[in-house]
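# Analysis of the macromolecular model
Chain by chain, the residues run as shown.
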Amino acid sequence: MLTYSRGDRPIGVLGTGSYLPGRVVTNDEAAEHAGVTGDWVFEKTAIRQRRWAKPDEATSDLAIGAARVALADAGVDAADLALVVVATSTPDSPQPPTASVVAHEIGAGRGTAAFDVNAVCSGFSYGLAVAERLVTAAGDRPALVIGADVYSRILSPQDRRTVVLFGDGAGAAVIGVGGAHRVVATRLLSFAEARGLIGVAAGGSRLPASEQTLHDGSHHFRMDGRGVREFIDTHVVSGIAEFLAEHGVAPHRLGHLVPHQANGRILASMAERLGLPFDRVATTYAAYGNTGAAAVPITYDQLCRSGRVHAGDLVLLAAFGGGMSMGMTLLRAG
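Looking at an unreviewed UniProt entry, one finds the protein named 3-oxoacyl-[acyl-carrier-protein] synthase-3 and attributed to Micromonospora echinospora.

See the structure below:
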């Protein structure tokens, strides 16, 4: 577990952005080959639709779209960035890093470091923590952190546990000195003993791609839905409460909770257990489904643009995902 509080140096969010593919996929379409109905999907998840990338759209394309919006919102030129960090578990290719593609396309300079982070659905929080600490080391030059995933490429159409849940998208934030939302504290933690709950078995050095892995469907994303729900019930709610308590914040004092968009039923249960009114939980799952590492930054971007965040509000970004991992960032609106 890694926990740290921001000192006197005011590092915060300078701007946000998001990008969603144009293709809208209804519950009926997503469920077509999974042996369930669209009504069943909504009943179990409260998801109504999601976006899937077009065949010629890769993760970098979505990330570039979100990056340009965030840079414009922040009033920052890409050439002035110290870092470009892309959080993804669905990169364009095993190498080079997707961040290098993004950095080149948005016009980042040669002095900009570009790298990927993979903590699955917690990836944006991990990338944000790394970048936030490096801004000062980079002479106060800003950093761009993007969460982007194209899960539609690794889903089995027959797997009702996954194909009806996931969508594609990207969200981004520019961080630097100052900013409307200042970083108060961060916590990152992993539960490696539960790493088998979520994963893609094939395509790496342990199980390289072969005719057999393709035949077995080992390149598809797999998830133990019941195990993940137990993990959330056991670790996520208590982890959020402990993190807030460590910083003297009762859950009901939060202005806004921006959680990973696992599904609507899970988020409603989390809010109830935290004693937080559901209208303080920022959500995008109904329209976009679970967008992996993009879920928190997409939802945060939409919250920032909603006009609902006021000076003094505490905003908690809380992600959880494969590994199993958690990442939390507490912000205070200026």
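Past the structure itself, the notes keep going.
### A few points about the environment of A79
As for its position among the elements, A79 is in the loop between helix 3 (59-74) and strand 5 (83-87). A C-alpha to C-alpha distance of 4.7 Å links A79 and G109, two positions 30 residues apart in sequence. Leave out the neighbours within four places in its chain, and A79 touches G107, A108 and G109.

### Structural notes on the pattern of salt bridges
Counting across every chain of the model gives seven salt bridges. Where R222 meets D159, a salt bridge forms, and the shortest distance between an N and an O atom there is 3.6 Å. Note that R222 is positioned in strand 11 (residues 222-223) and D159 in the loop between strand 7 (143-150) and strand 8 (168-177), a separation of 63 residues in sequence. On the basis of relative accessibility, which here comes to 6%, the residue D159 falls in the buried class. R229 is the salt-bridge partner of D233, the closest N and O atoms lying 3.6 Å from each other. Of this pair, D233 and R229 both sit in helix 7 (residues 225-246), four residues apart, which is roughly one turn of the helix. Among the ionic contacts, a cluster of salt bridges with common partners joins D159, R161 and R222.

### A short note on helix 8 (residues 264-274)
Working note: α-helix, 3.6 residues per turn, so residues spaced by three or four point in the same direction. Turning to helix 8, its buried residues are G264, I266, L267, M270, A271 and L274. Along helix 8, the residues classed as buried sweep out an arc of 160° about the axis, all on the same side. Summarising the contacts, the buried residues of helix 8 are in contact with helix 2 (38-45), helix 7, strand 12 (256-259), helix 9 (285-288) and strand 13 (314-321). The backbone nitrogen of R265 has a side-chain oxygen 2.9 Å away, supplied by the residue at the start of helix 8, namely N263. A positive backbone phi angle near 75° is found at G275, which sits one or two residues after helix 8.

### Here's the deal with a negative patch on the surface
On the surface, D56, D61, D92 and E105 cluster together into a patch of negative charge. Position of D56 among the secondary structure elements: in the loop between strand 4 (49-52) and helix 3.

### Focus on the nonpolar core
Formed by 54 residues in total, the largest nonpolar core has its most connected members in I240, M270 and L316. Taken together, the elements giving at least two residues each to this core come down to strand 9 (181-190), helix 7, helix 8, strand 13 and strand 14 (325-333). With eight residues, the single largest contributor to this core is helix 7. Grouped together as the second largest cluster of nonpolar side chains are 30 residues, V13, V85, A129 and V135 included.

### Examining the packing of helix 3 against helix 4 (residues 98-106)
Relative orientation of the contacting elements helix 3 and helix 4 amounts to 50°, with a least axis distance of 9 Å. Classed by the angle they form, the pair helix 3 and helix 4 counts as oblique. For helix 3 against helix 4, the interelement crossing comes out right-handed. Side by side, helix 3 and helix 4 meet where T59, S60, A63, I64, A67, R68 and L71 of the first sit next to T98, V101, V102, E105 and I106 of the second. Residues of the contact of helix 3 with helix 4, tallied by class, amount to seven nonpolar, three polar and two charged.

### A closer look at helix 10 (residues 295-305)
Most of helix 10 is tucked away: eight of the 11 residues are buried. Those residues of helix 10 lying buried are A295, V296, P297, I298, T299, Y300, D301 and L303. Positive backbone phi, at 80°, marks G307, one or two positions downstream of helix 10.

So, how was this worked out
- Residues numbered from 1 in each chain as written.
- Predicted model: local features only at pLDDT ≥ 70, side-chain atom pairs only at ≥ 80, totals over all residues.
- Heavy atoms only, no water.
- Helix = DSSP H or I, 4+ residues; strand = E, 2+ residues; numbered from the N terminus.
- Contact = heavy atoms within 4.5 Å.
- Salt bridge = Lys/Arg side-chain N within 4 Å of Asp/Glu carboxyl O.
- Buried < 20%, exposed > 50% of the residue type's maximum accessible area, 1.4 Å probe, protein only.
- Arc of directions from axis to C-beta.
- Polar contact = N/O pair within 3.5 Å; in protein donor to acceptor, adjacent residues only side chain to side chain.
- Patch = residues over 30% accessible without salt bridge, like charges linked within 9 Å, V, L, I, M, F, W, Y side chains within 5 Å.
- Areas by Shrake-Rupley, 256 points an atom, 1.4 Å probe, with all protein chains shown as cover.
- Lys, Arg positive; Asp, Glu negative; His and termini not counted.
- Charge placed at Lys NZ, Arg CZ, Asp CG, Glu CD.
- Core = buried A, V, L, I, M, F, W, Y, C linked by side-chain atoms within 4.5 Å.
- Axes fitted to C-alpha atoms, helices over the stretch in contact; angles between N-to-C directions.
- Parallel < 35°, antiparallel > 145°, perpendicular 65-115°, else oblique.
- Left-handed = near helix turned anticlockwise from the far one by under 90°.
- Nonpolar A, V, L, I, M, F, W, Y, C, P; charged D, E, K, R; others polar.

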